[in-house]
Amino acid sequence: MTTIKIGVTAGRGSEFIDQILWSSGMNQNVVYMIMLLQRLPEIAQVVLIDCSDVETAHPLAEWCGVTSMKQHTAIAELDIIIELGSRTDDVLGKMFRDQGGKIVSYMAGNAAIMNFECVASNSANGEIAAKTPFDAVWITPQHWHTNRAWSVLMRCPVTEMVPHIWEPVCLEAAVKAKKLRYFWHNRDLSNGYRVGTLVPNINTVKTFHIPLLSIEEAYRSAPKLIDRVMLFNTEKFVGVPHFEEFIAATSLARDKKVYSEARWMTTNVIGTHIDAVVEHQWENNLNYLYWDILYSGHPFIHNSTEIEGAGYYYESFDSQDGGRVIVDALRQHAGRAKQARQDAVDYLWRYRVDNPAVQARHSELIDMVMAA
């Protein structure tokens with residue numbers, strides 16, 4: 001019986017849908033959560049809660065085909081609010097809970113490590129604890145290890161691991177709109193692969209260091225396999241001594257193979273400017289960039305222990321192993337590209353919103369919230 005009315009919060013940094021969807025994985029997570037909730041039999045209505053001061057409908061709500069609500073409307077009409085893309089107002093949140101509403105904190109980012117960094121850098125940009133208690137904290141699997149302790153600040157009765165969810169809808173929309181040749185296709189690789197890394201380089205969780213060192217190991221072993229290396233999201237470091245000296249110490253740089261690039265949308269890069277991707281993460285085993293790469297069919301070299309069976313896995317912080325895996329991947333991928341993409345598609349089913357197991361777990365979590 002469909003009885004529950006539920007809303008997912010979202011921030012609003014832009015009015016352009018491409019910028020909203022691709023500026024942060026959090027915004028894509030909002031889309032996937034809305035899609036999932038719409039599939040659950042106990043949910044009567046799903047809305048997007050616009051936490052900004054802009055009065056027009058939120059572009060993300062229109063893109064998802066759901067109603068956009070302001071917070072003051074949401075607290076009067078909904079049963080559950082999921083704080084995902086933005087935090088609710090403390091006063092309105094208290095009013096909502098006082099009248100029987102339930103609030104869930106959905107921890108989709110690595111709050112623990114980001115707060116550690118704020119202490120190390122003496123920054124005031126760390127997360128501020130909410131004043132209103134929550135009814136539940138949902139923590140994504142890749143952050144369970146680091147974020148679980150943070151739930152003590154939420155003062156809630158339920159802390160659970162929520163399934164990681166993903167859909168190719170954002171990716172496919174961008175590819176179709178721009179008529180991109182994103183998916184793997186045979187091209188002349190006689191000069192080697194154009195290899196790239198798309199790590200954001202905004203905190204210690206994901207930086208260019210290990211990918212570049214791994215590619216360097218591969219290049220020293222098999223230089224003809226690598227045509228160039230494109231380090232996206234590093235243009236801001238050009239002129240910074242650490243970056244310049246680090247790059248200059250590589251054989252790749254001496255042979256003029258390394259390029260510092262700005263931030264680009266994934267769909268504008270893969271298949272157009274790079275043929276293979278090397279990534280490295282610390283305590284962030286699952287993320288949307290990885291699925292977008294795997295779904296493209298291009299060789300993806302990574303250190304995520306959660307997906308050892310997909311792409312080409314190397315040991316964390318081990319650039320020698322990374323180099324060995326890169327060489328093996330680049331030598332064999334063209335001959336198995338079609339099967340590799342099908343394997344990736346099959347593997348990614350475990351995260352899709354139509355997966356009955358994913359839906360059942362979310363229904364269970366909602367039941368726990370309503371009973372809290």
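Structure: above.
1. Thoughts on the pattern of salt bridges
What the rule picks out here adds up to 18 salt bridges. As a salt-bridge pair, arginine 87 and glutamate 83 come within 3.9 Å of each other at their nearest N and O atoms. Its relative accessible area of 30% is what places arginine 87 among the partly exposed residues. As a salt-bridge pair, arginine 97 and aspartate 135 come within 2.9 Å of each other at their nearest N and O atoms. Of this pair, arginine 97 sits in helix 5 (residues 90-98) while aspartate 135 sits in the loop between helix 6 (111-120) and strand 6 (136-139); the two residues are 38 residues apart in sequence, bridging distant segments of the chain. For arginine 97, a relative accessible area of 26% puts it in the partly exposed group. Each of the salt bridges in this network shares a partner with another, and the network as a whole consists of Arg12, Glu15, Asp50 and Lys70.

2. Side note on the sheet that holds strand 6
Read across the sheet, seven strands follow the order 3-2-1-4-5-6-7 without closing on themselves; strand pairing throughout is parallel. A single partner strand is all that each edge strand has here, and the edge strands are strand 3 (67-70) and strand 7 (159-161). Recorded for the sheet is a direction-independent mean angle of 30° between the axes of neighbouring strands. Pairing geometry for strand 5 (residues 102-107) and strand 6, over four bridges, is parallel. Pairing of valine 104 across the sheet is with alanine 136, part of strand 6. Against the sheet, helix 2 (residues 25-37) touches strand 1 (4-10), strand 2 (43-50), strand 4 (80-83) and strand 5, its axis set at about 170° to strand 1.

3. A short note on the nonpolar core
Among the nonpolar cores identified, the biggest contains 68 residues, and Ile82, Trp138, Trp291 and Ile307 are the most heavily contacted of them. Sorting elements by how many residues they give to this core places helix 2 first, with eight residues. Here isoleucine 82 is in contact with Ile6, Gly7, Val8, Thr9, Met33, Leu37, Val104, Tyr106 and Trp138, once residues within four sequence places are set aside. Counting residues in hydrophobic clusters, the runner-up holds 30 residues, among them Tyr193, Leu212, Val229 and Leu330.

4. Notes on the sheet that holds strand 9 (residues 226-231)
The six strands are arranged 10-9-8-11-12-13 in an open sheet whose pairing can be described as parallel. Only two strands of the sheet have a single neighbouring strand rather than two, namely strand 10 (258-260) and strand 13 (312-313). Alignment of strand 11 (residues 276-278) against strand 12 (residues 300-302), held across two bridges, turns out to be parallel. Bridge assignment links valine 277 to a residue of strand 12, and that residue is phenylalanine 300.

5. As for helix 5
Given 3.6 residues per helical turn, the α-helix brings residues three or four places apart onto the same face. Of the residues making up helix 5, those classed as buried are Leu92, Gly93 and Phe96. All buried residues of helix 5 project into a common sector of 100° when viewed along the axis, lining one side. Exposed and facing more than 90 degrees away from the buried side of helix 5 are Val91 and Asp98. In this structure, the buried side of helix 5 is in contact with helix 4 (71-77), strand 4 and strand 5. Regarding helix 5, its N-cap is aspartate 89, as a side-chain oxygen of that residue lies 3.0 Å from the backbone nitrogen of valine 91 further along. Glycine 100 sits one or two residues past helix 5 and shows a positive phi near 105°.

Rules behind the numbers
Residues numbered from 1 in each chain as written. Predicted model: local features only at pLDDT ≥ 70, side-chain atom pairs only at ≥ 80, totals over all residues. Heavy atoms only, no water. Salt bridge = Lys/Arg side-chain N within 4 Å of Asp/Glu carboxyl O. Buried < 20%, exposed > 50% of the residue type's maximum accessible area, 1.4 Å probe, protein only. Helix = DSSP H or I, 4+ residues; strand = E, 2+ residues; numbered from the N terminus. Pairing = 2+ DSSP bridges. Axes fitted to C-alpha atoms, helices over the stretch in contact; angles between N-to-C directions. Contact = heavy atoms within 4.5 Å. Core = buried A, V, L, I, M, F, W, Y, C linked by side-chain atoms within 4.5 Å. Arc of directions from axis to C-beta. Polar contact = N/O pair within 3.5 Å; in protein donor to acceptor, adjacent residues only side chain to side chain.

Nothing here speaks to function; it is all geometry.
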